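One-letter residues, chain by chain:
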Amino acid sequence: MKNPIFCEIDLAQDGKQFGYLRLPHSVHRSAYGWIPIPIASIRNGEGPTILIMAGNHGDEYEGQIIVSRLIRELDAAQVRGQLILLPMANYPAASAGLRVSPLDDGNLNRLFPGNPKGTPTQIIADYIEHTLMPGCRYVVDLHSGGSSLLYHGGCLLTIDPGEEEARTALRGLMQKFDVPHACLLDKGTPAASSWAALRQGATPFISELAGGGFVSPDVLQRAWNGVLNFLTHVQALQGVPVEPVDNEDMRFLRIEAARHYVYAYEAGLFEPLVALGADIEAGQPVARLHHPETPGREPTLVRSPGAGLVLCKRVPAQTQRGDCLYQLAAAL
């Protein structure tokens, strides 16, 4: 079945265009309505095609600001090749400020490759992977910690290509982004945008930029400069003022699920005992979970299953069993 989304702009046309992807959506309020997913294309001559997206999770705001700014500030004469720009990829989630869509509870970054006959979020995933990603050399998906997590400065993730020559080249590209940490993942989630990009022959770069449900001006500015620097380095931009970045101090890290995620095994109020950026040991106490509903009960002490750098931590104090409290990472 053909994807029902209609694109208002002509992606094969040179110049700067913006409009909407129209996803038909018939509801009580509007029988013949459609969901307006913002899109822009800036195309000019020969060069790489790059998809830059944000709002994959709707409560992650830094990327939405950066992509919106690219749409406003870049002219076609400054582009070599094509930039396809999605500032609010999962528009229903982004417009509501939620991680997942209020229409279908859909987490876009867990629904690739999507389904053209499925729910609204599955249809969006199918369109991104099978219409927008083919022919792209790079896919840049700008995430942050959202409402529930806060990252230490910023992090860039991609999939480890496995071969040393390719790994060295990939590290060099990652160092053009102005964030302090980077992770080469041995494997990822096949339903995420990174694997969607790989399936379509593109190299994915996934950012995690602060978060916490607010915007950090310092991280935002560094990420903005990093995106421009990366685009200039891969010869997708020309004549754009940018501060060159060769981030030799970038720390390359690895994340191992079994020992680098700290979870709550009881409900309670989360009291962190370690700070973002701290180096902790396996077995070290990292949090207390308080239980004010049970007078006289001592708080539950949470220990880390592994050692590493505290890369991100939970923001809300109110916590349920199964919630992630910290994500750690260790040096490669």
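Position numbers for residues count from 1 along each chain, tracking the sequence in the order it is written. Side-chain atom pairs in this predicted model are given and counted only at pLDDT of 80 or more, local residue features only at pLDDT of at least 70, and totals for whole chains, interfaces and linings cover all residues. The side-chain numbers reported here are obtained from all heavy atoms of the structure, hydrogens and water having been left aside.

**Notes on the overall build of the protein chain**
- Each helix is a run of DSSP H or I of at least 4 residues and each strand a run of E of at least 2, with the numbering of both proceeding from the N terminus. A count of helical and extended segments in the protein chain gives 7 helices and 19 strands.
- For 332 residues, the compact-globule formula gives about 20 Å, and the C-alpha radius of gyration of the protein chain, at 21 Å, lands near that figure.
- Every one of the 332 residues in the protein chain was classed for burial, and the buried ones make up 53%.
- Any two residues having at least one pair of non-hydrogen atoms within 4.5 Å are treated as being in contact. Within the protein chain, contacts between residues separated by at least 24 positions form 70% of all contacts whose residues are at least 6 apart in sequence.
- Looking at the protein chain as shown, the accessible area adds up to about 14700 Å², and 51% of this sits on carbon and sulfur atoms.
- Just so you know, the count uses Lys and Arg for positive and Asp and Glu for negative, and it drops His and the chain ends. A charged residue contributes its charge at one atom only: NZ of Lys, CZ of Arg, CG of Asp or CD of Glu. On the protein chain, the mean spot of the 27 positive side-chain charges and the mean spot of the 34 negative ones are 3 Å from each other. As defined in this context, the radius of gyration uses C-alpha atoms, and a globule is described by 2.2 Å times the residue total to the power 0.38. Each residue gets one of three labels from its accessible area relative to the maximum for its type: buried under 20%, exposed over 50%, partly exposed in between, using a 1.4 Å probe on protein chains only. Accessible areas in this description were obtained via Shrake-Rupley with a 1.4 Å probe; residue shielding takes into account the shown protein chains only.

**Brief notes about the pairing of strand β13 (residues 268–272)**
- We treat two strands as partners when DSSP finds at least two bridges between them. Pairing of β13 with strand β18 (residues 318–319), which is carried by 2 bridges, proceeds in the antiparallel orientation. Looking at the pairing, Gly 268 lines up with Thr 319 of β18.
- Bridge analysis of β13 against strand β15 (residues 285–290) gives 4 bridges, and the strand direction is antiparallel. Its bridge partner lying in β15, Pro 272 is registered against Ala 287.

**Describing the domain arrangement of the protein chain**
- Domain assignment breaks the protein chain into domain 1 (6–254) and domain 2 (261–331).
- Here the bounds of each domain stem from an automatic or database domain assignment. One C-alpha centre belongs to domain 1, the other to domain 2, and the line joining them spans 30 Å.
- Buried area adds together the accessible area that both of two parts lose upon being put together, with accessible area traced by a 1.4 Å probe. In total, domain 1 and domain 2 occlude about 1200 Å² of area from one another, counting both sides; carbon and sulfur atoms represent 63% of this.
- Three residues stand out in domain 1 for area buried against domain 2, namely Leu 150, His 152 and Arg 254, and they jointly supply 40% of the buried area on that side.
- In the analysis that follows, any N or O atom pair within 3.5 Å is treated as a polar contact, provided that within protein one partner can donate a hydrogen and the other can accept it, and provided that, for residues neighboring in sequence, both atoms belong to side chains. Here domain 1 is connected to domain 2 by 6 residue pairs in polar contact (both at pLDDT 80 or more).
- For the side of domain 1 that touches domain 2, the secondary structure elements donating two or more residues are β7 (149–151), β9 (181–185) and β11 (251–254).
- A total of 4 residues in the side of domain 1 that touches domain 2 trace back to one element, the largest contributor, which is β11.
- When residues are grouped by polarity, Ala, Val, Leu, Ile, Met, Phe, Trp, Tyr, Cys and Pro land in nonpolar, Asp, Glu, Lys and Arg in charged, and all others, Gly among them, in polar. Partitioned by chemical class, the residues of the side of domain 1 that touches domain 2 number 7 nonpolar, 5 polar and 2 charged.

**Topic: the packing of aromatic side chains**
- Between 30 and 60 degrees the pair is tilted, below 30 it is stacked and above 60 it is edge-to-face, where a pair is any two Phe, Tyr or Trp rings, Trp via its six-membered ring, whose centres lie within 6.5 Å. Summed over all chains, the structure comprises 8 aromatic pairs.
- Ring centres 6.4 Å apart and planes at 50° place the aromatic pair Tyr 20 and Trp 34 in the tilted group. With Tyr 20 in strand β2 (residues 15–24) and Trp 34 in strand β3 (residues 34–44), the pair connects residues that are 14 residues apart, well separated along the chain.
- Ring centres 4.6 Å apart and planes at 25° place the aromatic pair Phe 177 and Phe 230 in the stacked group. Placement of Phe 177 in the loop between α4 (164–174) and β9 and of Phe 230 in helix α6 (residues 217–233) is noted, with a sequence separation of 53 residues between them.
- An aromatic cluster of three or more residues is present, and its members are Tyr 138, Phe 177, Phe 205 and Phe 230.
- Only Lys NZ and Arg CZ are tested; either one counts as a charge over a ring when it is within 6 Å of the ring centre and within 35 degrees of the ring normal. Over the face of the ring belonging to Trp 224 we find Arg 69, whose NZ or CZ atom lies 3.9 Å from the ring centre.
- Lying across the ring of Phe 252, Arg 171 places its NZ or CZ 4.9 Å from the centre.

**Things to note about the packing of helix α1 (residues 62–73) against α6**
- Lines fitted to C-alpha atoms define the axes, with helix axes restricted to the stretch in contact, and inter-axis angles between N-to-C directions lie between 0 and 180 degrees. Closest axis-to-axis distance for the α1/α6 pair is 10 Å, and the angle between their directions is 50°. Classified by the angle between their axes, α1 and α6 sit oblique to one another. Judged by the twist between their axes, the crossing of α1 over α6 is right-handed. On the side of α1, the interface is formed by Glu 62, Ile 65, Ile 66, Arg 69, Leu 70 and Glu 73, while α6 contributes Leu 220, Gln 221, Ala 223, Trp 224, Val 227 and Leu 228.
- Residue classes in the contact of α1 with α6 are distributed as 8 nonpolar, 1 polar and 3 charged. Angle categories are assigned with fixed cut-offs, so that under 35 degrees is roughly parallel, over 145 is roughly antiparallel, 65 to 115 is roughly perpendicular, and the rest are oblique. The handedness criterion is simple: a crossing whose near helix is rotated anticlockwise from the far helix by less than a right angle is left-handed, and one whose near helix is rotated clockwise is right-handed.

**Some words on the UniProt feature "domain: Succinylglutamate desuccinylase/Aspartoacylase catalytic" (unreviewed entry) in the protein chain**
- UniProt positions are given in the numbering used here, feature names are shortened, and annotations may be inferred rather than shown by experiment. Annotation from UniProt places "domain: Succinylglutamate desuccinylase/Aspartoacylase catalytic" (unreviewed entry) at residues 47–233.
- A distance of 12 Å separates the end C-alpha atoms of residues 47–233, which is 35% helix and 20% strand.

**Some words on the environment of Gln 327**
- Counting through the fold element by element, Gln 327 comes out in strand β19 (residues 324–331).
- Spatially, the C-alpha atom of Gln 327 lies 20 Å from that of Pro 190, the residues being 137 residues apart in sequence.
- Setting aside its immediate chain neighbours within four residues, Gln 327 contacts Tyr 151, Ile 255, His 260, Tyr 261, Leu 309, Val 310, Leu 311 and Cys 312.
- Here Tyr 261 takes part through its side chain, which lies 2.8 Å from a polar atom of the side chain of Gln 327.

**Here's the deal with the environment of Arg 222**
- Mapping Arg 222 onto the fold places it in helix α6.
- The spatial distance from the C-alpha of Arg 222 to the C-alpha of Pro 87 is 18 Å, given a sequence separation of 135 residues.
- Here Arg 222 is in contact with Asp 178, Val 179 and Pro 180, once residues within four sequence places are set aside.

**What about the sheet that holds β13?**
- The antiparallel open sheet is built from 4 strands, whose spatial order is β16-β15-β13-β18. Both outer strands of the open sheet, β16 (300–303) and β18, are each paired with one neighbouring strand and no more.

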